[in-house]
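Overview (structure and organization)
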Amino acid sequence: EVSEIVDQSVKEAKIEKKLTAIKNVWSKMPVSFDCSNPDCPLLGELGEVIERLDGDSLEMMGMTSQGRFIEFCKPVVDEWSGKLRAIDGTLSVWTKVQANWCRLEPIFMQSDDIRSQLPDDSKRFEQMDNQFKDLMMDASNSSLIVEICCAEGREDVLRNICEGIETCEKSLNEYLEQKKKAFPRFYFVANQALLDILSNGNRPLKVAEYLGDIFDGIKTLDFSKAPETGKIACGHISKDTEKVAWAVDLYIDGAVESYLVKLEEHFRFMLREELEAARNSADNWEVDKPRERWLEDYCSQLGLVATQIIWTEETHRTFDELESGSENAMKEYKRVNDDRIEKLIKRVQTDLSKDVRNKIITVITIDVHGRDIIEAFVTTKITDPTDFKWLSQLRFYWGLCPHGQNLVSYTPEEQKTSIIRICDWVTIYCYEYVGNCGRLVITPLTDRCYITLTQALGLTLGGAPAGPAGTGKTETTKDLSRAL
C-alpha cells in the first residue's frame, strides 16, 4: 500500500511539473505582427509557435489519458487542453484566411477590370476585407498568443471570413475558366499572371511581357510602328533574339483574349507566307543566291523546312532518274549533298553573328543526316521509292492539303502548305514559331523514336520512350515536335 502511494505521488509530481511548464510557457508565449501595411497588421512568423504547439498538445493528450493520476489537477488539465485546442484551431484558420486575403486583396480591391466583371463578389470581398482588418487591428493590441486566439468568438469570425473569401475565389476561378476557354493558351500561365494580363488588356505593351509564357518561342512583339501605345505590331522577337519581320502589320484592338486569338492566327499566316517565299526562291540556289547566303533571308525554322522540302523533292527526282536508266543518279546526288555541306562548313568558319551561325549549324545538322540516308541508298543499292528505308524518313512536301484524311491544317484550302509524311502517317506543318534554338543530331535511335511516336499519333495513342536518365528521351520528343 505504501509503495502504491509512493508510485502515485511520483507520477502526480511528474504530471504537475509538466503542467506547470506548459502553463508558464503558453501564458507568456508572444506573437509578432508584421506592420508594413499600416491599415492591416499581419501575423508574423509562426513556425516555432506551431512546432511547440504540436509537441505540447501531444503532452496534454498523454496527461488526459493518465486516469486517476490527474484527478488532483483535472480542472487545470482540462482548461489548458481546451486552450491549446482553441489556439490550434484558430491559428490553422487564421493562417489560411491571411494567405487568401493577401493573394486576393490586390485583385478584388485594386483591379478595376475584376470589379466591373464581378460586382457582387467584389462587394462581398469588401465586407470580408473590412471584417478582417478590424479583427487584425483588434488582435494587434495584444502580444500574447493565448489572448488573441482564445478571445470569445474569434474562431467563428475567422471561419465566417474564410467562407466568404473562398466564395469570392470560386467566382474568380469560374471567370478565369471562361477566359481560358476563349483562348486555351491561357492554361499555360499562372492565375496571378492571367489576372495581370486581363487587367492590362487594353495596354498591349504590358501584355507583351507575358507572351513568352503563352508562346514557347516568342519573347515579345516588334512595336516599332507604335512604340507609345503598342497598337500596331510589325514583327516578333524570339527568346534567342532572332527577329522576324511581318509582311502584313497586325492592329491590336478589342478584348485581350480575342486579339491574342488573332495574333496566334497572324503568326501562322506570316510564317506560311515566308515559307512559300523561301520554297520558291530555293529553286534558284545554283543560279541566283547560293544556299549558304540564301539562309540569311529567312528565319531559322523556315530556312530549315524549305531545305528539307527541296531534299525530299530532289531525292524523289533521283529515284525517277534511276528508274529511267541513269545508274549513277544516286551517287551524283550524294556528291551534290557533300558539296552543299562543304559550302556551309566554309561559311560557318567565317566571322558571323550568333544568329546566323546557329542557323547554319542547325541546317548542317539536318543536312548531314540527309547525306547519310542518300549514302545508305548508294551502299545498299536501293532504287525503289516505296522501300521502307525511304518511307521511314521524315519527308517534307510542298502542295495542297490532301482531302478526305481529316488533317488539321491552319492554311486555307486553296493555298499550298508543307505536308509531312513518315511511313503511312501524314500531317500538315503547324507553323508554330520555335525560334532559332538548334536541333539534335539524328541517330538511328532517333529515327526509331520518330516512327514509333508518329505511329502512336496516327492511332490516337500515347508514346513513352523508355531508357536511363540523360539519354535524350525528352529532347528527342521535343525535337520531333519542333520538326512538325
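Scroll up a little and you will see the structure.
Some points on the environment of Cys-102
- Secondary-structure assignment places Cys-102 in helix α3 (residues 74-110).
- For Cys-102, a relative accessible area of 37% translates into the label partly exposed.
- Along the backbone, Cys-102 and Lys-179 are 77 residues apart, and their C-alpha atoms lie at a distance of 23 Å.

Observations regarding the side chain of Glu-274
- Topologically, Glu-274 is positioned in helix α11 (residues 256-282).
- Despite being buried, Glu-274 has no salt bridge partner; Lys-359 is the closest side chain of opposite charge, sitting 7.2 Å away.
- With residues near it in sequence (within four places) discarded, Glu-274 still touches Val-244, Ala-245, Asp-297, Tyr-298, Cys-299 and Leu-302.

Re the packing of α11 against helix α13 (residues 300-323)
- Between α11 and α13, the least distance of the axes is 9 Å, while the angle of their chain directions is 45°. As summarised for this structure, α11 and α13 are arranged oblique, according to the angle between their axes. Of the two possible hands of crossing, α11 and α13 adopt the one that is right-handed. When α11 is examined against α13, the residues Leu-271, Glu-274, Leu-275, Ala-278, Arg-279 and Ala-282 are found in contact with a partner set consisting of Leu-302, Val-305, Ala-306, Ile-309, Ile-310 and Glu-313.
- Looking at the contact of α11 with α13 residue by residue, the class counts come to 9 nonpolar, no polar and 3 charged.

Quick look at unusual backbone geometry
- The backbone of Asn-406 sits at a positive phi, close to 55°, despite the residue not being glycine.
- Relative to the helices and strands, Asn-406 resides in the loop between β6 (395-399) and β7 (417-422).
- A relative accessible area of 77% places Asn-406 in the exposed class.
- The phi torsion at Tyr-431 lies on the positive side, around 60°, for a residue other than glycine.
- Relative to the helices and strands, Tyr-431 is located in the loop between β8 (425-428) and α17 (444-458).
- Its relative accessible area of 1% is what places Tyr-431 among the buried residues.

Considerations on the pattern of salt bridges
- Taken as a whole and assessed by the stated rule, the structure comprises 31 salt bridges.
- Note that Lys-96 is salt-bridged to Glu-166, the shortest N-O span being 2.8 Å. Taken together, the positions of Lys-96 in helix α3 and Glu-166 in helix α7 (residues 154-182) put the pair 70 residues apart, joining distant regions of the chain.
- The partly exposed category is assigned to Lys-96, whose relative accessible area is 42%.
- With relative accessibility at 34%, the residue Glu-166 sits in the partly exposed group.
- Between Glu-174 and Lys-170 there is a salt bridge whose closest N-O contact spans 3.6 Å. Taken as a pair, Glu-174 and Lys-170 lie in helix α7 at a separation of 4 residues, close to a single helical turn.
- Using a relative accessible area of 46% as the deciding quantity, one classes Glu-174 as partly exposed.
- Classification of Lys-170 as exposed rests on a relative accessible area of 55%.
- In the salt-bridge network here, residues are joined through shared partners; they are Arg-185, Glu-264, Arg-268 and Glu-432.

Reading the values: rules and limits
Residues numbered from 1 in each chain as written. Predicted model: local features only at pLDDT ≥ 70, side-chain atom pairs only at ≥ 80, totals over all residues. Heavy atoms only, no water. Helix = DSSP H or I, 4+ residues; strand = E, 2+ residues; numbered from the N terminus. Buried < 20%, exposed > 50% of the residue type's maximum accessible area, 1.4 Å probe, protein only. Lys, Arg positive; Asp, Glu negative; His and termini not counted. Salt bridge = Lys/Arg side-chain N within 4 Å of Asp/Glu carboxyl O. Contact = heavy atoms within 4.5 Å. Axes fitted to C-alpha atoms, helices over the stretch in contact; angles between N-to-C directions. Parallel < 35°, antiparallel > 145°, perpendicular 65-115°, else oblique. Left-handed = near helix turned anticlockwise from the far one by under 90°. Nonpolar A, V, L, I, M, F, W, Y, C, P; charged D, E, K, R; others polar.

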